[in-house]
Amino acid sequence: MPSIVGPIKINSVGGGVINFGDSFYLAPKSAEKSAAGAGANNTGDFLNTNTGFNITNTIDPDLADQVVGGNA
């Protein structure tokens, strides 16, 4: 069915999907990569992390880790 949409103002979209009207298949895709030291991503109450000496290797020799293709 057709969609009749009035005036719209979208200030920003962060990682979401906006759809007006009919859609058969919506598949948003994203990929990200992060580097953090030992114990940096721990969450919870009353943490005690003893890591000692820490080196985080951020060298990435390959060109693409995960290719994000278009929607099918």
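Just so you know, these numbers come straight off a predicted model, no measurement behind them. (Residues numbered from 1 in each chain as written. Predicted model: local features only at pLDDT ≥ 70, side-chain atom pairs only at ≥ 80, totals over all residues. Heavy atoms only, no water.)

1. Digging into the overall build of the protein
Part 1 of the reasoning: When you go through the protein residue by residue, the secondary structure sums to 0 helices and 0 strands.
Part 2 of the reasoning: At 21 Å, the protein has a C-alpha radius of gyration far larger than the 11 Å of a compact globule built from 72 residues.
Part 3 of the reasoning: Referenced to the eigenvectors of the C-alpha coordinate spread, the extents of the protein come out at roughly 60 × 35 × 20 Å.
Part 4 of the reasoning: Per-residue burial over the protein gives 1% buried out of 72 residues. (Helix = DSSP H or I, 4+ residues; strand = E, 2+ residues; numbered from the N terminus. Rg over C-alpha atoms; globule rule 2.2 N^0.38 Å. Buried < 20%, exposed > 50% of the residue type's maximum accessible area, 1.4 Å probe, protein only.)

2. Considerations on the pattern of salt bridges
Part 1 of the reasoning: Taken as a whole, this structure holds 1 salt bridge when the rule is applied.
Part 2 of the reasoning: The closest approach of N and O atoms between Asp60 and Lys33, which form a salt bridge, is 2.9 Å.
Part 3 of the reasoning: For Lys33, a relative accessible area of 57% translates into the label exposed. (Salt bridge = Lys/Arg side-chain N within 4 Å of Asp/Glu carboxyl O.)

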